[in-house]
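Here are the chains, one letter per residue:
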Amino acid sequence: MSETTSAPASDAPVSVLGLGMMGSALASAFLKAGHPVTVWNRSPARTGPLVAQGALPAATVADAVAASPLVVLCLLTNDNVDELLTTLGDSAAGKTLVNLTNGTPEQARTLSARATALGARYVDGGIMAVPQMVATPAAYVFYSGDEEAYETHRPTLAALGGTKWTGKDAGLAALYDLGLLTGMYGMFNGVMQALALARTENIGAEEYAELLVPWIAAMLGGVPQIARDIDSGNHLTDVSSIAVSAAAFPNFIATFEAQGVSTELFEPLRALLDRAVEEGYAEDGMSRRVEMLIKK
Ligand code: NDP
């Protein structure tokens, strides 16, 4: 994957379609970097704050697309993007559409084909930031699809944060994006369960979080070794075996039940550990569970 944080060419025009929390942050970042920005939103009132910052409002989607060679889309869903493409007519021909709406790899591939049929070049993207992080050093965006179009507009896109190219398959950016979000949601599942458990004994959430955060950070230090084990196919471990986890796991479930905490987030993990033992993987480590999660 190639990465860059090169400075934007500030005179390149860009249109932003969709001015929700994220789309507004994107448009604002382009404006701050000096780009001429045209904006459109389904509910026109949302253009107000951007116009106050110097953006030009477009009356129709087609007008917004016609205004710039680079068009960034950030709607709620890819169904909304799909619907919007049907209204573009000839305005999309020769344009680069960069779709930063959250979606699936398959949706990205379908939208890529649709945009190409309209004579446009399509780049899909996954934003690794919340709106407040956009244009800060911590923010970056995964991109995939039409590489030439991406390279042409990368200096402008760099106004949003780092740019990470993932490949010519338009679905790849969504895959990288959803993968990282999967890790995040899984981590937060554990955090919520731990805080719920502490709360049943009136242990303050803030007090417990002071223990939880460094603990999780220390455990994350083991991820590179798990990744090496997955890549090498050597699943035997001297750290913590499936047998040890499977033996301890009934204690978690029993404690949740005794304390009145739902087990719905953790039952699937117990089932996976039990299956691993049944299938003869008791001496393996966590990397084996990754293999088991992939449906043959
Ligand atoms: P918001 O709910 O704040 O905004 C949604 C936007 O989509 C609005 O501009 C809304 O227009 C528009 N929209 C909804 N339905 C339609 C439709 N049928 N036709 C045209 N426009 C429509 O969401 P966000 O801005 O937070 O999120 C936008 C995208 O960015 C999502 O895919 C999200 O997953 C992604 N994202 C968001 C992050 C975040 O932290 N917020 C982080 C990373 C990615 P209207 O104003 O008229 O309702």
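Residues numbered from 1 in each chain as written. Predicted model: local features only at pLDDT ≥ 70, side-chain atom pairs only at ≥ 80, totals over all residues. Heavy atoms only, no water.

Chemist: Can you break down the nonpolar core residue by residue, with the values?
Modeler: Ranked by internal contacts, the top residues of the largest apolar core, which has 32 residues, are Leu 26, Phe 30, Val 72, Leu 100 and Tyr 143. At the level of secondary structure, the elements contributing two or more residues to this core comprise strand E2 (14-17), helix H1 (21-32), strand E3 (37-40), strand E5 (70-73), strand E7 (121-128), strand E8 (140-145) and helix H6 (147-157). Of the residues forming this core, the biggest block, 7 residues, is contributed by H1. Among all residues touching Phe 30, those that are not within four sequence positions of it are Val 14, Val 16, His 35, Val 37, Val 72, Thr 156, Leu 157, Ala 159 and Leu 160. Core analysis: the next-biggest nonpolar cluster, separate from the first, contains 20 residues, Leu 75, Leu 85, Leu 88 and Tyr 122 among them. (Core = buried A, V, L, I, M, F, W, Y, C linked by side-chain atoms within 4.5 Å. Buried < 20%, exposed > 50% of the residue type's maximum accessible area, 1.4 Å probe, protein only. Helix = DSSP H or I, 4+ residues; strand = E, 2+ residues; numbered from the N terminus. Contact = heavy atoms within 4.5 Å.)

Chemist: Describe the layout of surface pockets, with residues and values.
Modeler: By volume, the second largest pocket is sized at about 1,100 Å³. Lining the second largest pocket are 36 residues, and of these Met 22, Cys 74, Leu 75, Leu 76 and Asn 102 lie nearest its centre. Sorting the residues of the lining of the second largest pocket by element identifies H1, helix H4 (78-85), E7 and helix H7 (172-199) as the ones contributing at least two each. In terms of residue count, H7 provides more of the lining of the second largest pocket than any other element does, 6 residues in total. A class-by-class count of the residues in the lining of the second largest pocket yields 20 nonpolar, 12 polar and 4 charged. Two domains each provide a minimum of three residues to the lining of the second largest pocket, namely domain 1 (2-168) and domain 2 (177-293). (1 Å grid on protein atoms, 1.4 Å probe; cavity = no way out; pocket = protein on both sides within 12 Å on 5 of 7 lines; lining within 4 Å. Points joined across faces, edges and corners; volume = space filled by probe spheres on them. Nonpolar A, V, L, I, M, F, W, Y, C, P; charged D, E, K, R; others polar. Domains from an automatic or database assignment.)

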